[in-house]
Amino acid sequence: MNYDNYEQKIVETYGVALQNYPLSAVQNPGKIGHHKDLIKLLNSLVNSSCLWVILTEDELAEHKNKNKERQACGEQVYKPRKQQT
């Protein structure tokens, strides 16, 4: 899964999102620093409190607009691609 560009490559491309993700940002589980955070994520996935949802067209459009606003305000929502040399 593309964790670095989750918003663009997963949510905006496929119209699905993780609902009730227990940590501050969606990230590779291998990069979660604290054991208790990893256990919290595992438990939320196992008991289905965190799950994938399909966004409606209106929800997806709203999500895209919010992401563009956040990006315009200086927050890095979309990670730039590496330049080829």
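Just so we're clear, the structure is a prediction, and the values are computed from it rather than from any experiment.

(A) Expanded view of the overall build of the protein chain. Broken down by element type, the protein chain carries three helices and two strands. For the protein chain, the succession of helices and strands along the chain, N to C, is α-β-α-β-α. Projecting the C-alpha coordinates of the protein chain onto the three principal axes gives extents of approximately 40 × 35 × 25 Å. Burial analysis of the protein chain (85 residues in total) assigns 25% to the buried set. Excluding contacts between residues fewer than 6 apart, the proportion of contacts in the protein chain whose partners are at least 24 apart in sequence is 61%. Total accessible area computed for the protein chain in this model is approximately 6,600 Å², and 50% of it derives from carbon and sulfur atoms. Across the protein chain, the centroid of the 11 positively charged side chains sits 10 Å from that of the 10 negatively charged ones.

(B) Expanded view of the pattern of salt bridges. Considering all chains together, one arrives at three salt bridges under this definition. The shortest N-O distance in the salt bridge between Glu75 and Arg70 comes to 2.8 Å.

(C) A look at unusual backbone geometry. With a phi angle near 65°, Asn20 is a residue other than glycine that sits in the positive phi range. With respect to the element layout, Asn20 can be found in the loop between strand E1 (16–19) and helix H2 (35–46). Judged by relative accessible area, Asn20 falls into the exposed class, the value being 52%. Even without being a glycine, Ser48 presents a positive backbone phi close to 65°. Along the chain, Ser48 falls in the loop between H2 and strand E2 (51–54).

Calculation rules
Residues numbered from 1 in each chain as written. Predicted model: local features only at pLDDT ≥ 70, side-chain atom pairs only at ≥ 80, totals over all residues. Heavy atoms only, no water. Helix = DSSP H or I, 4+ residues; strand = E, 2+ residues; numbered from the N terminus. Buried < 20%, exposed > 50% of the residue type's maximum accessible area, 1.4 Å probe, protein only. Contact = heavy atoms within 4.5 Å. Areas by Shrake-Rupley, 256 points an atom, 1.4 Å probe, with all protein chains shown as cover. Lys, Arg positive; Asp, Glu negative; His and termini not counted. Charge placed at Lys NZ, Arg CZ, Asp CG, Glu CD. Salt bridge = Lys/Arg side-chain N within 4 Å of Asp/Glu carboxyl O.

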